[in-house]
Structures are given as structure tokens and as C-alpha cells.
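In case you want the letters, here they are:
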Amino acid sequence: MDAVCYNTIFTREFPDTRFLSGGDTKSVETDRIALMEAIKALVEGTKLVRLVDRDEKSDEEVQEFMKRGIRVLRRRHLECYLFDDEVIIELCK
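Criteria and thresholds
- Residues numbered from 1 in each chain as written.
- Predicted model: local features only at pLDDT ≥ 70, side-chain atom pairs only at ≥ 80, totals over all residues.
- Heavy atoms only, no water.
- Core = buried A, V, L, I, M, F, W, Y, C linked by side-chain atoms within 4.5 Å.
- Buried < 20%, exposed > 50% of the residue type's maximum accessible area, 1.4 Å probe, protein only.
- Helix = DSSP H or I, 4+ residues; strand = E, 2+ residues; numbered from the N terminus.
- Contact = heavy atoms within 4.5 Å.
- pLDDT = per-residue confidence, 0-100.
- 1 Å grid on protein atoms, 1.4 Å probe; cavity = no way out; pocket = protein on both sides within 12 Å on 5 of 7 lines; lining within 4 Å.
- Points joined across faces, edges and corners; volume = space filled by probe spheres on them.
- Nonpolar A, V, L, I, M, F, W, Y, C, P; charged D, E, K, R; others polar.

(A) Inspection of the nonpolar core at higher detail. Of all hydrophobic cores here, the largest spans six residues; its members are Val28, Val52, Val62, Phe65, Ile70 and Val72. Residue assignment for this core shows that the elements contributing at least two residues are helix H4 (59-67) and strand S2 (70-72).

Shown next, in the form of C-alpha cells:
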């Protein structure tokens, strides 16, 4: 679901960018299903960025993820942005 939302939100601004779900945080962190390596092997010139939900991660855990090149949302998960009061108010207008 997250990949569908991200692709919908960013398609106009970044038409050459595609979001793919790599699974849960642990799967993304370890590339358990070798998704990143497979994509790099299949599509030359691809830049991959790993992104995970903040969930219950402490500031220290977030720093550790960032040191390994894994980006972490500032809020708990994507839905925190989608259901923000500011977004809902704009949709209601």
C-alpha cells in the first residue's frame, strides 16, 4: 500500500522515480529478498534509496539507520502524513 501511495504522490514531480515495497523494516534493512541487488543488476544506472517507517524507533536507532544509508520517516508511518489535520482540512475544502 505504501508504494502505491508514494507513487501517486510523487509521480508528477519525479516521473522517473518508482517506489517498490521491500517488506518490513527488517527486510529492507537486510535486503532479505535481494530486491536491491536484483534491481541494480537488471536496470543499469538505477539509484536505490531505502526508506523505512519511524515506528517506535528511538533517536539513536534512527541515527544508526541513517549511518547505514537507510532513510527513516520523521513521523511514525506514512499514514501520519496522509491523515494530518492540515491534509484533511484541504481535502474538505
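(B) Summary view of the environment of Phe65. Within the secondary structure, Phe65 is located in helix H4. Classification of Phe65 by relative accessible area gives buried; the value is 8%. Between the alpha carbons of Phe65 and Leu51 there is a distance of 9.6 Å; along the sequence they are 14 residues apart. Not counting the four nearest positions on each side in its chain, Phe65 is found in contact with Thr25, Glu29, Val52, Lys57, Ile70 and Val72.

(C) Molecular detail of the confidence of the model for the protein chain. Overall, the prediction assigns the protein chain a mean pLDDT of 84, with 98% of residues at 70 or greater. Per-residue pLDDT, averaged within each element of the protein chain, yields its smallest value for helix H5 (residues 78-82) (77) and its largest for H4 (93).

(D) Here's a closer look at the layout of surface pockets. Computed from the structure, the largest pocket encloses a volume of approximately 1,300 Å³. The wall of the largest pocket is formed by 40 residues, among which Tyr6, Phe19, Leu20, Val49 and Leu51 lie closest to the centre. Those elements that place two or more of their residues in the lining of the largest pocket are helix H1 (2-10), helix H2 (25-30), helix H3 (35-42), strand S1 (50-52), S2 and H5. Take the lining of the largest pocket: its biggest share by element is five residues, from H1. Class assignment of the residues belonging to the lining of the largest pocket gives a composition of 23 nonpolar, seven polar and 10 charged. One number sums up the size of the second largest pocket: a volume of about 180 Å³. As for the second largest pocket, its lining consists of Arg54, Val62, Met66, Arg71, Val72, Leu73, Arg74 and Tyr81. Mapped by element, the contributors of at least two residues to the lining of the second largest pocket are H4 and S2. Partitioned by chemical class, the residues of the lining of the second largest pocket number five nonpolar, no polar and three charged.

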